[in-house]
Amino acid sequence: NRSDLSPSSFILASIPGLEAAHFWMAILLCSMYILAVTGNCAVLFIVKTEPSLHAPMYFFLCMLAAIDLALSSSTVPRVLSFYWFNTREISFGACLVQMFLIHTLSAIESTVLLAMAVDRYVAICHPLRHAAILTNAVTVKIGLVAMARGVLFFLPLPLLLLPLPFCSSRVLSHSFCLHQDVMNLACANTTPSVVYGLTAILLVMGLDAILICLSYILILKAVLRLALWKERLKVFSTCIAHICVVLAFYVPLIGLSVVHRFGKDLAPLVHITMGNIYILVPAVLNPIIYGVRTKQIQRRILNLIHIYND
């Protein structure tokens, strides 16, 4: 009887009754993944080759693009192999690695979004000091701090799960591995894992969300001090893209957390759909949002299309 030992593998979730639709679901996910990879690679290429975009705001955008590429690539290929080839098993070690990557990359993205909010605050509230405060060197240091913060806070999650005994049930709620999902399959006291996981989420994503809101309260106060409505709209419009990206990240994150906390009786379709939205939607939307809102990126894309057509 090995039901009290760590499993050699977990079983990825499928949607009962919709096995025949797996092929078409995979086509949809693959299309979104290709769009995410193409869009984020385009952002990286455009910023790298356009000297006028070598500024902190666009370096942060490159960090977001790289994170989205890594996050989607750490999950979607495995999900596609499940849908296309019915390879539902994922080894215990691979599951822990995937879980670590998902949570760590999400934490890094949250930190970068906070840095972008601070960038907008300095640019609007202290425009004369913006270039001196947010230099390229400072931007690189912020990126390194974001990586270190994500790794240090979320490395303990798989380490806390590693020694736990697991019950006979090995079926996950998603098509990939998340901490709470794997933890719920353990047949031992998971209080340390629960407490640490909640603490890490609150100290990273929760604190970042509060500081982002605080940044925009200060930005809004500065904007409202402007005399003309046209000036207010013009200044605040520089924040629209970032606000949309923040919503694209935090809304699926909150939705997935709510489903895990209160949706135990929901249909498997809800869990799987929310998980896929959390992984893919920000990666797809971020380059589109900044492509639509940033004239420099628009011009560069149009130039590339014109050169290609010629």
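The protein chain appears in an unreviewed UniProt entry as Olfactory receptor from Eudyptes sclateri. Of the comments in the UniProt record for the protein chain, the one headed Sequence similarities (unreviewed entry) reads "Belongs to the G-protein coupled receptor 1 family."

Okay, the UniProt feature "domain: G-protein coupled receptors family 1 profile" (unreviewed entry) in the protein chain next. Under the UniProt annotation, the feature "domain: G-protein coupled receptors family 1 profile" (unreviewed entry) is placed at residues 39-290. With 77% helix and 1% strand, residues 39-290 has end C-alpha atoms that lie 10 Å from one another.

Here the focus is the nonpolar core. Judged by nonpolar contacts, the single largest core of 81 residues is most densely connected at Phe10, Val112 and Leu113. The element contributing the most residues to this core is helix H4 (residues 92-125), with 15 residues.

In this section: the packing of helix H9 (residues 191-224) against helix H10 (residues 229-236). At a minimum axis distance of 9 Å, the contact between H9 and H10 shows a crossing angle of 155°. By the angle class used here, H9 and H10 are roughly antiparallel. When you trace H9 past H10, the crossing you get is right-handed. Two secondary-structure elements touch here, H9 through Ile219, Leu220, Val223 and Leu224 and H10 through Arg232, Val235 and Phe236. Each residue belonging to the contact of H9 with H10 can be placed in one class, and the counts come to 6 nonpolar, no polar and 1 charged.

All right, on to the packing of aromatic side chains then. Using the criterion set out here, one finds 6 aromatic pairs in the structure. Considering the side-chain rings of phenylalanine 82 and tyrosine 83, the 5.0 Å spacing of their centres and the 25° angle between planes classify their relative orientation as stacked. On the numbers, 4.9 Å between centres and 90° between planes, the contact of phenylalanine 249 with tyrosine 250 is edge-to-face. For phenylalanine 249, a relative accessible area of 3% corresponds to the buried category. A relative accessible area of 8% places tyrosine 250 in the buried class. Just above the ring of tryptophan 229 sits the side chain of arginine 232; from NZ or CZ to the centre is 4.7 Å.

On to the state of the cysteines. Counted by the stated rule, this structure contains 1 disulfide. Across a sulfur-sulfur distance of 2.0 Å, cysteine 95 and cysteine 177 are joined as a disulfide pair. Its S-S torsion of approximately -120° makes the covalent link between cysteine 95 and cysteine 177 left-handed. Highlighted residues: cysteine 95 in helix H4 and cysteine 177 in the loop between helix H7 (156-161) and helix H8 (179-183), separated in sequence by 82 residues. Among the cysteines around cysteine 213, which has no disulfide bond, cysteine 239 carries the closest sulfur, lying 13 Å off. Between cysteine 244, a cysteine without a disulfide, and cysteine 239, which holds the nearest cysteine sulfur, the sulfur-to-sulfur distance is 11 Å.

Next up on the list: unusual backbone geometry. Its identity is not glycine, yet asparagine 86 carries a phi of approximately 60°, on the positive side. Looking at asparagine 86, the relative accessible area reads 54%, which means it is exposed.

A few words on the pattern of salt bridges. For the structure shown, the criterion picks out 2 salt bridges. Across the salt bridge formed by aspartate 119 and arginine 120, the nearest N and O atoms sit 3.1 Å from each other. Among the salt bridges present, the one from arginine 149 reaches aspartate 208, with a minimum N-O distance of 2.9 Å. In this pair, arginine 149 sits in helix H6 (residues 136-154) while aspartate 208 sits in helix H9, placing the two residues 59 residues apart along the sequence. We classify arginine 149 as buried; its relative accessible area is 17%. We classify aspartate 208 as buried; its relative accessible area is 1%.

A few words on the environment of aspartate 181. Relative to the assigned elements, aspartate 181 resides in helix H8. For the pair aspartate 181 and isoleucine 46, spaced 135 residues apart in sequence, the C-alpha separation works out to 38 Å. Those residues within four positions of aspartate 181 in sequence are excluded, and the remaining contacts are Leu172, Ser173, His174, Phe176 and His260. Among the polar contacts made by the side chain of aspartate 181, one reaches the main-chain amide nitrogen of histidine 174 at a distance of 3.4 Å.

Criteria and cut-off values
- Residues numbered from 1 in each chain as written.
- Predicted model: local features only at pLDDT ≥ 70, side-chain atom pairs only at ≥ 80, totals over all residues.
- Heavy atoms only, no water.
- UniProt positions renumbered as here; feature names shortened; annotations may be inferred.
- Helix = DSSP H or I, 4+ residues; strand = E, 2+ residues; numbered from the N terminus.
- Core = buried A, V, L, I, M, F, W, Y, C linked by side-chain atoms within 4.5 Å.
- Buried < 20%, exposed > 50% of the residue type's maximum accessible area, 1.4 Å probe, protein only.
- Axes fitted to C-alpha atoms, helices over the stretch in contact; angles between N-to-C directions.
- Parallel < 35°, antiparallel > 145°, perpendicular 65-115°, else oblique.
- Left-handed = near helix turned anticlockwise from the far one by under 90°.
- Contact = heavy atoms within 4.5 Å.
- Nonpolar A, V, L, I, M, F, W, Y, C, P; charged D, E, K, R; others polar.
- Phe/Tyr/Trp six-rings, centres within 6.5 Å; stacked < 30°, edge-to-face > 60°.
- Lys NZ or Arg CZ within 6 Å of the ring centre and 35° of its normal.
- Disulfide = S-S within 2.5 Å.
- Salt bridge = Lys/Arg side-chain N within 4 Å of Asp/Glu carboxyl O.
- Polar contact = N/O pair within 3.5 Å; in protein donor to acceptor, adjacent residues only side chain to side chain.

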